[in-house]
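# Breakdown of the fold
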Amino acid sequence: FLDAGSGFGFFLRYTYDLIPDHSLYFAVDHDPMRHRFLKSVLASMPEQKNIALLCCDYGDIPLRSGSIDQIIDFGGSNDYSWIVPGFLMERLDWLTHEKSTALYLNRSYDRISFDSSIQPECRGYLYEEAILSNLKKLGYAIRERYRMDFTTPLQATNPFMNDRDQMYRLWLYLEKQR
């Protein structure tokens, strides 16, 4: 498994018990403070798993090409595309192989407000149509898709969110079809 943009480990902490004992789980983030926090949380778990914390840029992940069976993208694409004009799953594609799968759970936008702090060249990567098109170019087929609308209006929790934006959670389970 490769958890792209693991951050404070929200996904990892809530699914920890589901990680098979024989698996290797790579949590990738560029922020050493987040990994220090995650390391302390993982150390307190009653059962230890095979988890490696990799603090690096996505282009510098020290793994062999084609070595990842599943990418977990729990918010990583949002964090990436808010500041970089590009698609994170494309940046990570060299790590996958013809039978890789992906779990994609990110915010997607129906509308980004005119005065958003998201630069115009980054916005196109945050709409579902572009996300699905980019995933298809990478050879992924959608096996499950869910749209989860927020039940209450979102309040801005970071500089890249605006309470006038219209967004929802997009959940995808993907398989490579090469």
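Scroll up to find the structure this text is about.
Residues numbered from 1 in each chain as written. Predicted model: local features only at pLDDT ≥ 70, side-chain atom pairs only at ≥ 80, totals over all residues. Heavy atoms only, no water.

Counting its regular elements, the chain contains six helices and seven strands. Listing each helix as α and each strand as β along the chain from the N terminus yields β-α-β-α-β-β-α-α-β-α-α-β-β. What you see for the chain is a C-alpha radius of gyration of 16 Å, in line with the 16 Å of a compact globule of 178 residues. If one aligns the C-alpha atoms of the chain with their principal axes, the spans along those axes are about 45 × 40 × 30 Å. Expressed as a percentage of its 178 residues, the buried residues of the chain come to 48%. Excluding contacts between residues fewer than 6 apart, the proportion of contacts in the chain whose partners are at least 24 apart in sequence is 75%. Carbon and sulfur atoms form 54% of the exposed surface of the chain, whose accessible area is close to 9,700 Å². In the chain, the 20 positive side-chain charges and the 24 negative ones have mean positions that sit 1 Å from each other. (Helix = DSSP H or I, 4+ residues; strand = E, 2+ residues; numbered from the N terminus. Rg over C-alpha atoms; globule rule 2.2 N^0.38 Å. Buried < 20%, exposed > 50% of the residue type's maximum accessible area, 1.4 Å probe, protein only. Contact = heavy atoms within 4.5 Å. Areas by Shrake-Rupley, 256 points an atom, 1.4 Å probe, with all protein chains shown as cover. Lys, Arg positive; Asp, Glu negative; His and termini not counted. Charge placed at Lys NZ, Arg CZ, Asp CG, Glu CD.)

Moving on, we get to the sheet that holds strand β5 (residues 96-111). Taken together, seven strands build an open sheet; the order of strands is β3-β2-β1-β4-β5-β7-β6 and the sheet is mixed. Each having just a single partner strand, β3 (51-55) and β6 (140-149) make up the two edges of the open sheet. Strand-to-strand, the axes of this sheet are offset by a mean angle of 20°, without reference to chain direction. Direction of pairing for strand β1 (residues 2-4) relative to strand β2 (residues 25-29): parallel, over a ladder of three bridges. In the sheet register, Asp3 faces β2, and the bridge partner there is Ala27. Across the sheet, helix α2 (residues 32-43) lies against β2 and β3, angled at about 165° from β3, the strand it touches most. Contacts from helix α6 (residues 128-137) reach β5, β6 and β7 (166-176), with the element oriented near 15° to β7. (Pairing = 2+ DSSP bridges. Axes fitted to C-alpha atoms, helices over the stretch in contact; angles between N-to-C directions.)

Let's shift gears to the pairing of β7. Where β5 meets β7, ten bridges bridge the pair, whose relative direction is antiparallel. Bridged to Ser108 within β7 is Tyr168. Pairing geometry for β6 and β7, over nine bridges, is antiparallel. Bridging across to β7, Asp149 finds its partner in Tyr168.

Attention now moves to the packing of aromatic side chains. Here the structure, examined in full by the defined rule, presents five aromatic pairs. The ring of Tyr16 has Lys49 lying over it, and the distance from NZ or CZ to the ring centre is 5.9 Å. Here the guanidinium or amino end of Arg147 rests over the ring plane of Tyr168, the centre of that ring lying 3.6 Å away. (Phe/Tyr/Trp six-rings, centres within 6.5 Å; stacked < 30°, edge-to-face > 60°. Lys NZ or Arg CZ within 6 Å of the ring centre and 35° of its normal.)

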